[in-house]
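# Structural features, examined
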Amino acid sequence: MKLLVLPGDGIGPEITDATLRVLRAVDESHALGLDIETAGIGLASLATEGTTLPERVTKRIPEVDGVVLGPVSHYAYPPREQGGINPSAQLRVEFELFANIRPSRSRPGLSILRTPMDLVIVRENTEGFYSDRNMYAGSGEFMPDADQAFSLRKITAKGCERLAHAAFTLARRRRGHVTAVHKANVLKLSDGLFLREIRKVAEQYPDVRLEELIVDAAAAALVRRPQDFDVLVTTNMFGDILSDEAAELSGSLGLGGSLNVGHDVAVAQAQHGSAPDIAGQGVANPTSLVLSAAMLLDWRGRRDRDERLSRAAAAMEASVEAVLADPETRTRDLGGSLGTDAFTDRLVAAVRKTQHAAGPRT
């Protein structure tokens, strides 16, 4: 399996290095034959090549089996015409990574919930209110004068249909329940179209139960009754917000895995940002990117029917569970005392002990 690794900005290089150590450990224990190459993006490539996303990188992506993308500091980038391209948004649009898969599962001793959570949010990834990716040319945001600002929301039948198939296929592997989260009581046309397509696809999955829930109620229900959810499917902005809420409720935003999926390309990406305020201090928690990389292995394993990759993904997940179970082996953001390197040491050791993990849980 060929992997392209893009370290990114801020804490990106640190948590990417940690993730690579875990990947190499699982490669050794499961004989995966990983072929890993690294390419610079973000502020590093801006300084050397005049762009945050060199063309050589995007050309390489279809030639590899998966991509690991570190966090990027796109707020600090110059305008696009000066080389400041948001790699995360650009890859999602260019390679039609229409589904962002974000699992959240309660961690013992870390979750604040009264009842356990075990759910997956399937978020639309290429349109919605996100103005840096919802237009063919130009931006979805504009100001006709100094005192007015407008933002356009783009919802397409095609985008909703393919997202729905991703959600129902996933639910079929899990507990057979999809919740469509919307705001159709206000956004009658755009979320009305979203629900129309979800319902249409639901007819093709009679073994999966469909529920519909307004986003306000969904945000509250994640706190009050998280056990009632299996797979949630929703539009871009709603999914971004709800998945961050779910990750924090289940233990920490730093524990949320995330995979951007298209028909032929998948990009593993930490759910959190680049945290430049702690970059270089050796205290960043790499768990989110490690779990995202595990999701990438499992995606490729299912796609290629390669059980070795799925078993390796399960071993990575099991190592995270084992290390987080002990308060003494947690990172500082979780109340422990370990820095990035020491925590990664524990993950690597745990991977070598969990060579025969049962299977991925996503």
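Note that the structure is predicted; figures quoted are calculated from it, not measured. (Residues numbered from 1 in each chain as written. Predicted model: local features only at pLDDT ≥ 70, side-chain atom pairs only at ≥ 80, totals over all residues. Heavy atoms only, no water.)

### A closer look at the overall build of the chain
When you go through the chain residue by residue, the secondary structure sums to 11 helices and 12 strands. Projected onto its principal axes, the C-alpha positions of the chain cover 55 × 50 × 40 Å. Taking all 362 residues of the chain together, 58% fall into the buried category. Residue pairs in contact within the chain that sit at least 24 positions apart in sequence constitute 74% of those at least 6 positions apart. (Helix = DSSP H or I, 4+ residues; strand = E, 2+ residues; numbered from the N terminus. Buried < 20%, exposed > 50% of the residue type's maximum accessible area, 1.4 Å probe, protein only. Contact = heavy atoms within 4.5 Å.)

### A word on helix α4 (residues 87-94)
In terms of burial, α4 is largely enclosed, as six of its eight residues are buried. Packing partners of the buried residues in α4 comprise β1 (2-6), α3 (55-60), β3 (66-69), β5 (118-124), β11 (259-261) and β12 (266-269). Immediately downstream of α4, the backbone of E96 shows phi near 50°, a positive value.

### A closer look at the packing of helix α1 (residues 12-30) against helix α11 (residues 340-353)
Where α1 contacts α11, the two axes come as close as 9 Å, and the packing angle between them is 15°. The angle between the axes of α1 and α11 places the two elements in the roughly parallel class. Between α1 and α11 lies a crossing of right-handed hand. Between α1 and α11, the residues in contact are E14, A18, R21, V22, A25, V26, E28 and S29 and T340, D341, T344, D345, L347, V348, V351 and R352, respectively. Residues that form the contact of α1 with α11 fall into these classes: seven nonpolar, three polar and six charged. (Axes fitted to C-alpha atoms, helices over the stretch in contact; angles between N-to-C directions. Parallel < 35°, antiparallel > 145°, perpendicular 65-115°, else oblique. Left-handed = near helix turned anticlockwise from the far one by under 90°. Nonpolar A, V, L, I, M, F, W, Y, C, P; charged D, E, K, R; others polar.)

### What to know about the environment of G84
Considering the arrangement of structural elements, one finds G84 in the loop between β3 and α4. Residue G84 is classed as buried on the basis of its relative accessible area of 14%. For G84, the contacting residues outside a window of four places in its chain are T52, Y77, P78 and P79.

### Some details on the packing of helix α7 (residues 215-224) against helix α8 (residues 236-250)
The packing of two helices is summarised by the inter-axis angle and the distance between the axes. It is at 10 Å that the axes of α7 and α8 come closest, and there the two elements cross at 10°. Taken together, the axis directions place α7 and α8 in an arrangement best described as roughly parallel. Counted together, V215, A218, A219, L222 and V223 of α7 and F238, L242, E245, A246 and L249 of α8 form the full contact between these two elements. For the contact of α7 with α8, a count of residues per class yields nine nonpolar, no polar and one charged.

### Some details on the nonpolar core
Counting 70 residues, the largest nonpolar core has V122, F168, L296, L297 and M316 as its most contacted members. Sort the elements by how many residues they give to this core and helix α9 (residues 287-304) lands first, with nine residues. Setting aside residues up to four positions removed in sequence, L296 forms contacts with M1, L3, G66, V67, V68, L259, A266 and A268. (Core = buried A, V, L, I, M, F, W, Y, C linked by side-chain atoms within 4.5 Å.)

### Considering the pattern of salt bridges
Within this structure, the stated rule accounts for 30 salt bridges. Linking E96 and R162 is a salt bridge whose minimum nitrogen-to-oxygen distance equals 2.8 Å. Here E96, found in the loop between α4 and β4 (99-105), pairs with R162, found in helix α5 (residues 157-173); they are 66 residues apart in sequence, far enough to count as distant. A salt bridge links R311 to E307, with the nearest nitrogen and oxygen atoms 3.4 Å apart. Of this pair, R311 and E307 both sit in helix α10 (residues 307-325), four residues apart, which is roughly one turn of the helix. The exposure class assigned to R311 is partly exposed, which follows from its relative accessible area of 35%. One connected set of salt bridges, linked through shared partners, spans R102, R123, D240 and D244. (Salt bridge = Lys/Arg side-chain N within 4 Å of Asp/Glu carboxyl O.)

### A look at empty space enclosed by the protein
A full pass over the atoms with the stated rule returns one cavity of 30 Å³ or more. Approximately 140 Å³ is the volume found for the largest cavity. Forming the boundary of the largest cavity are 13 residues, of which P103, R105, R107, G257 and L291 lie nearest the centre. If you list the elements that add at least two residues to the lining of the largest cavity, you get β4, α8 and α9. Among the elements that line the lining of the largest cavity, the one with the most residues is β4, at three residues. Among the residues forming the lining of the largest cavity, the class breakdown is five nonpolar, five polar and three charged. (1 Å grid on protein atoms, 1.4 Å probe; cavity = no way out; pocket = protein on both sides within 12 Å on 5 of 7 lines; lining within 4 Å. Points joined across faces, edges and corners; volume = space filled by probe spheres on them.)

### Quick look at the environment of V265
Residue placement: V265 occurs in the loop between β11 and β12. For V265, a relative accessible area of 12% puts it in the buried group. In sequence terms V265 and V120 are 145 residues apart; their C-alpha atoms lie 20 Å from each other. For V265, the contacting residues outside a window of four places in its chain are I61, F95, L97, N260 and W299.

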